Amino acid sequence: MTATDRKPEVVENGAASSRATRLLGDRRLPVLVTAALFLAMYGGGLRRYANYGFGEPQVFLNLFIDNGYLLVAAIGATFVIMSGGIDLSVGSMIGFTTMFTAWLVERQGLPLVLVVPLALGVGAFGGFLMGYVIHNFEIQPFIVTLAGLFLFRGLCLVISKESISIGDASVGTLAQTRVPLGVGELSIGALVALAVLGAAYYVLHYTRFGRRVYAVGGNEQSALLMGLPMGGTKIAVYTVSGFCSALAGLLFMLYIQSGDPLHAIGMELDAIAAVVIGGTLLTGGSGYVLGTLFGVLVLGLIKSLITFEGTLSSWWTKIATGVLLCAFILIQRTMTARRKT
Amino acid sequence: MAEPRPVLEMTGVVKEFPGVRALAGVDFRLFPGEIHALIGENGAGKSTLIKVLTGVYPLDGGTVALDGEPAEFTSPLQAQQAGISTVYQEVNLCPNLSVAENIFIGREPTRAGRIQWKRMRKEAAELVDRLGLDIDVAAPLSSYPLAVQQLVAIVRSVGTGDRDAPGSGTKVLVLDEPTSSLDRDEVLELFRLMRQLSRDGVAILFVSHFLDQIYEICDRMTVLRNGALVGEHLVRDLDQVGLIELMIGKALDQLEELHEHQLHSGVGELLVKAEGLGRTGKIAPFDLDIKKGEVLGLAGLLGSGRTELARLLFGADQPDSGTVTIGGKQVSMSAPNDAIGAGVAFCSENRKTEGLVPDLTVRENIILALQAARGWTRPLPVAQRDELVAKYIKALDIRPANPEARVGQLSGGNQQKVLLARWLITQPQLLILDEPTRGIDIGAKTEIQKLVVSLSEDGMSVLYIAAELEEVLRLSHTIGVLRDRKLVARLANGPEITAGTILETIASGAHQ
Ligand SMILES: Nc1ncnc2c1ncn2[C@@H]1O[C@H](COP(=O)(O)OP(=O)(O)OP(=O)(O)O)[C@@H](O)[C@H]1O
Ligand SMILES: [Mg+2]
């Protein structure tokens, strides 16, 4: 008897264990759960507010228009969380970018074509610096990005203590532009966010860098011993997150058309919530950027459902988010426990 | 015959850890196309030598030359790029990725920067095939048992270099205890592969505690003791007795003594009775009796359900049929706690992920289970605790014999001993040992087997799982034979039972 004719049975037996356990062990399950939740909520909304125009396709498209910046920020956070880290500087970076660009455009009179790459560069560089410190000095990402959070919020106030509203014509047209899609229309911001989503999906699944992000999140020590350039990967992940935050900041600025030192306070938490609700494990190594899309859509849908309800205070958004987060972390917990056996 | 130039030469290598001189001026050389064994007791410094060579730890002294050129690597990546591929002692792969990715990550086939998944899976399947393994390469690594993971790690290491001709970029292949959790068949396949690579001129560094394997496959060996070089010999110039003496530094006469011990003790009344116990997809329903003081050995090939059976008896997996009675009382077995409460202890084969806490000390790791059984509100008295810990450190010869050492810093074999001590100290009624001697040197192995015999004489029942049939035969009163996730036979051990009989039973899947 050779090894070859023995092995298949082993594997098949292992894999054939009841379909339910297999499904529970599937890494895609959390994404499916979130997608199903989104559909259920959307269906609920359709029934309840059918007479108030909830069924209009534009209501759905508005989810992207109103949450494009959050989606971009959450995509950056997905990279970081997937690698087993965390980035708390997202909100501050968004706030800083709005201030920085508003200041450059309004006070310095620089054209947008120059300001945009500059802002993105600053964001990416900020992320790079944090990644560098995290890797080279072996400091907890939590601490380093917390420092980043304070730093960038402080820098906002250095630029100006007052909010700067943007009257620049090119920003105005860019913000107003709507791209028709047959059934409705999308803003430039929403389109950019979708493009980022596509790019992130490609990078995570079809490039070596993307797979290294999963590997580092799965087991850092092993990744090192397997000869993967660990340091580079970690630094790159924070650079991506910094870049995404800055881009989110630009989209936010387009959406709000002002810079304000208090913009986007706490948005890093929304981003992390979206990532977790989208099924990415906080311990790293498992998750999908598509899940993050659904996470953001669910959060956005909660907001618009509450708006449609009319009488509810907007704080209910936070309460619903909290409940969902708990539920999803519990789901992940049972799933990982199941996978070990 | 003029000796060719060594492909790898290490001279005067020194490595110090706080308080430990792990390597004290070791010379080591490796010639192209040879299979070279690195031998030594647990903690002798074998893994450290490998890690220093491949850039995991920096050198504290000495030089390394590859192909005559000085080489000092600062990361495993550099070593890999220079043609040294390594399988480290503990399986070091990413359990969250698929088998195919684990084999290829870092050098996935790409076109214009885009990973070609189809091609990668196909090539991975071919590589896996070469080792006689037939597994689904798209499945996540974590869905396979430790032995398969070890094989995947080996496949990865041979697959480095040029993808079109596996192994071709590799000059040196380092295998640190690759066979510790493999069965005969896998070992044979591995050896076949090693021979093939060595014919192609790859130099192979092989670490194993199985001396028979070393004599079967190796050309030359280097012996280490306590971090120092003892000698380099051609395998054909030194017999096993001489080798063991070199390893432990003294003559050895009590290794065979164990044989006389066997089966002296009788067994008592019924302790554990399992009826129709099973779990779909893991193990078919089985009946099993274990008497007091009985050693029940489980024999069967890799994946035959040995570990699965043990996990059911411990409640680590929930059975979906059957009942377990321990000492006359039915136990629900819905969680390990139920089993522990009924006096069952389970020493898992997977010390890295299921057993030890690397950042705690030896003492803390040893008393973990005992303390848990007592409940956290009733701490063990300090004096009693220290005495117990000292006793087991001595009994199992854990080195360094320092209860305050962090377990993560111990050598692989010594970690295994700590795990064993943890469960022995709880004085269970039924002790389940899953591959307890994995990675343990032959001196300590004998000690552990003696310990099992004496525990059973004192009335403890033991369920003993080992890939080595000789080990099972030597210790067991009764041998349960598994095949294809089914308990197919129970044999009362006796002079007429041999490894051959068991293999036959496995092959024929015989009658109960
Ligand atoms: N990271 C570390 N920190 C401190 N001490 C260490 C570390 N790694 C190894 N050691 C010590 O170095 C010595 C040699 O360990 P090593 O792992 O090389 O042994 P080994 O020969 O591979 O043994 P085994 O057969 O058990 O695997 C041991 O005393 C061990 O405790
Ligand atoms: Mg070792």
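Scroll up a little and you will see the structure.
Rules and cut-offs
- Residues numbered from 1 in each chain as written.
- Chains lettered and ligands numbered in written order.
- Predicted model: local features only at pLDDT ≥ 70, side-chain atom pairs only at ≥ 80, totals over all residues.
- Heavy atoms only, no water.
- Helix = DSSP H or I, 4+ residues; strand = E, 2+ residues; numbered from the N terminus.
- Rg over C-alpha atoms; globule rule 2.2 N^0.38 Å.
- Buried < 20%, exposed > 50% of the residue type's maximum accessible area, 1.4 Å probe, protein only.
- Areas by Shrake-Rupley, 256 points an atom, 1.4 Å probe, with all protein chains shown as cover.
- Near = heavy atom within 4 Å.
- Polar contact = N/O pair within 3.5 Å; in protein donor to acceptor, adjacent residues only side chain to side chain.
- Contact = heavy atoms within 4.5 Å.
- Buried area = accessible area lost by both parts, 1.4 Å probe.
- Salt bridge = Lys/Arg side-chain N within 4 Å of Asp/Glu carboxyl O.
- Expected span 1.5 Å × (residues − 1).
- Donors = N, O, S within 2.8 Å, 3.2 Å for Na, K, Ca; no water.
- Pairing = 2+ DSSP bridges.
- Right-handed = clockwise from strand over helix to strand, strands pointing away.
- Axes fitted to C-alpha atoms, helices over the stretch in contact; angles between N-to-C directions.
- Core = buried A, V, L, I, M, F, W, Y, C linked by side-chain atoms within 4.5 Å.
- Domains from an automatic or database assignment.

Things to note about the overall build of chain B
Within chain B, the regular secondary structure consists of 18 helices and 22 strands. For chain B, the C-alpha radius of gyration of 23 Å lies close to 24 Å, the compact-globule estimate for 512 residues. Across its three principal directions, the C-alpha atoms of chain B cover 70 × 55 × 50 Å. Residues counted as buried form 58% of the 512 residues belonging to chain B. Working note: accessible area of chain B is about 20,200 Å², and carbon and sulfur atoms make up 50% of it.

Considering the site of ligand 1
Residue and element names in this part refer to chain B. Surrounding ligand 1, one finds 21 residues, the nearest of these being Lys 46, Ser 47, Thr 48, Ser 411 and Gly 413. At 2.9 Å, a side-chain N or O of His 209 approaches an oxygen atom of ligand 1. Gln 409 places a polar main-chain atom, nitrogen or oxygen, 3.0 Å from an oxygen atom of ligand 1. A total of 630 Å² of accessible area belongs to ligand 1 in isolation, and the protein chains cover 90% of it. Mapped by element, the contributors of at least two residues to the shell around ligand 1 are β2 (20-30), α1 (46-53) and α15 (412-424).

Details of the interface of chain A and chain B
Counting residues at the interface gives 34 residues for chain A and 47 residues for chain B. Buried area between chain A and chain B, both sides added, is near 3,500 Å², and the carbon and sulfur share of it is 56%. The largest contributions to the chain A side of the interface with chain B come from Arg 208, Leu 225 and Met 226 of chain A, which together make up 21% of the buried area. The interface formed by chain A and chain B contains two salt bridges. Measuring nitrogen to oxygen at the nearest pair gives 2.7 Å for the salt bridge that ties Arg 211 of chain A to Glu 101 of chain B. At the surface where chain A touches chain B, the tally comes to ten residue pairs in polar contact (both at pLDDT 80 or more).

Section: helix α10 (residues 208-218) of chain A
Side chains of residues three or four places apart in an α-helix project in the same direction, reflecting 3.6 residues per turn. In terms of residue burial, α10 of chain A counts as a mostly covered element, since nine of its eleven residues are buried. Within α10 of chain A, the full set of buried residues consists of Phe 209, Gly 210, Arg 211, Arg 212, Val 213, Tyr 214, Ala 215, Val 216 and Gly 217 of chain A.

Describing helix α4 (residues 57-82) of chain A
Residues and elements named next belong to chain A. With 26 residues, α4 extends just 33 Å between its outermost C-alpha atoms, more than 12% less than the 38 Å of an ideal straight helix rising 1.5 Å per residue. Burial runs high along α4: 21 of the 26 residues are buried. Directly after α4, the chain includes Gly 84, whose backbone phi takes a positive value near 90 degrees.

So, the coordination of the magnesium ion (ligand 2)
The expected angle between donors at a tetrahedral four-coordinate metal is 109.5 degrees. At an octahedral six-coordinate metal it is 90 or 180 degrees. Residues and elements named next belong to chain B. Surrounding the magnesium ion (ligand 2) are the protein donor atoms Ser 47 (OG) and Gln 89 (OE1), at 1.9 to 2.1 Å. Linking Ser 47 in helix α1 with Gln 89 in the loop between β6 (84-87) and α3 (99-104), this pair joins segments that are 42 residues apart in sequence. Exposure remark for Gln 89: the relative accessible area of 14% places this residue in the buried category.

Quick look at the sheet that holds strand β5 (residues 69-70) of chain B
Residues and elements named next belong to chain B. Taken in spatial order, the four strands make up an open sheet running β2-β1-β4-β5, and their pairing is antiparallel. The sheet terminates laterally at β2 and β5, the two strands that pair on one side only. As paired elements, strand β4 (residues 61-66) and β5 share two bridges and run antiparallel to each other. Bridge assignment links Leu 66 to a residue of β5, and that residue is Glu 69.

Considering the pairing of strand β10 (residues 203-207) of chain B
The two faces of the sheet receive side chains in turn, since in a regular strand these alternate between them. Residue and element names in this part refer to chain B. Across the five residues that make up β10, a large majority, five, are buried. Burial along β10 is two-sided: Ala 203, Leu 205 and Val 207 facing one way and Ile 204 and Phe 206 facing the other are all buried. Pairing of strand β3 (residues 35-39) with β10 involves four bridges; the strand directions are parallel. The partner of Leu 38 across the bridge, within β10, is Val 207. Pairing analysis gives five bridges linking strand β9 (residues 172-176) to β10, with the strands arranged parallel. From the neighbouring strand, Val 174 faces β10, where its bridge partner is Leu 205. Regarding the hand of the β-α-β motif, the stretch spanning β9, helix α6 (residues 184-199) and β10 is right-handed.

Some words on the environment of Ser 160 of chain A
All names here are of chain A. By the secondary structure assignment, Ser 160 is in the loop between α7 (141-159) and β1 (164-165). The class for Ser 160 is buried, based on a relative accessible area of 10%. Each C-alpha atom, one on Ser 160 and one on Trp 103, is 8.3 Å from the other, the two residues being 57 residues apart in sequence. When sequence neighbours within four positions are dropped, the list of residues in contact with Ser 160 reads Met 99 and Pro 261. Among the polar contacts made by the side chain of Ser 160, one reaches the main-chain carbonyl oxygen of Glu 162 at a distance of 2.9 Å.

A short note on the sheet that holds strand β16 (residues 321-326) of chain B
All names here are of chain B. Strand order in the open sheet formed by four strands is β14-β13-β16-β17, with antiparallel pairing between adjacent strands. Of all strands in the sheet, those with a lone pairing partner are β14 (283-291) and β17 (329-331), marking the two edges. Strand-to-strand twist across the sheet, computed as the mean angle between neighbouring axes with direction ignored, equals 20 degrees. Relative to β14, strand β13 (residues 270-279) is paired through six bridges, and the arrangement is antiparallel. Within β14, the position partnered with Ala 274 by the bridge is Leu 288. Contacts between helix α10 (residues 306-314) and the sheet are confined to β13, β14 and β16, with β14 contributing the most and set at about 65 degrees to the helix.

Observations concerning the nonpolar core
In this structure, Ile 103, Met 194 and Phe 206 of chain B are the most contacted members of the largest nonpolar core, which totals 160 residues. A per-element tally of this core places α4 of chain A first, with 17 residues. When residues of this core are sorted by domain, at least three fall in each of domain 1 (1-83 + 171-251) and domain 2 (91-169) of chain B. Residues Met 460, Val 462, Leu 473 and Ile 497 of chain B belong to the second largest nonpolar core, which totals 53 residues.

Considering the environment of Lys 417 of chain B
All names here are of chain B. Tracing the backbone through its elements, the reader meets Lys 417 in helix α15. Distance in space between the C-alpha atoms of Lys 417 and Thr 437 is 8.4 Å, their sequence separation being 20 residues. Beyond its immediate sequence surroundings of up to four residues, Lys 417 is in contact with Asn 42, Leu 396, Asp 397, Ile 398, Ile 440 and Ala 444.

Concerning the pattern of salt bridges
All names here are of chain B. Scanning the model with the defined rule gives 28 salt bridges over all chains in all. For Arg 184, the salt bridge goes to Glu 470, with nearest N and O atoms at 3.6 Å. One end of the pair, Arg 184, is in helix α6; the other, Glu 470, is in helix α17 (residues 469-475), with 286 residues separating them in the sequence. Here Arg 184 falls in the partly exposed class, since its relative accessible area comes to 43%. A salt bridge links Glu 447 to Lys 450; its shortest N-O distance comes to 3.7 Å. Residue Glu 447 and its partner Lys 450 are located together in helix α16 (residues 442-457), separated by three residues, close to a single helical turn. You can call Glu 447 partly exposed: its relative accessible area is 35%. Through salt bridges with shared partners, a single network forms among Arg 29, Glu 34, Arg 220 and Glu 232.

Overview of unusual backbone geometry
Residue and element names in this part refer to chain B. The step from Arg 399 to Pro 400 runs through a cis peptide bond, and the omega angle for that step is -5 degrees. With respect to the helices and strands, Pro 400 occurs in the loop between α14 (382-395) and α15. The phi torsion at Ala 112 lies on the positive side, around 50 degrees, for a residue other than glycine. Mapped onto the elements, Ala 112 comes out in the loop between β7 (110-111) and β8 (114-115). In this model, Glu 435 sits at a positive phi of 50 degrees, which is unusual for a non-glycine residue.

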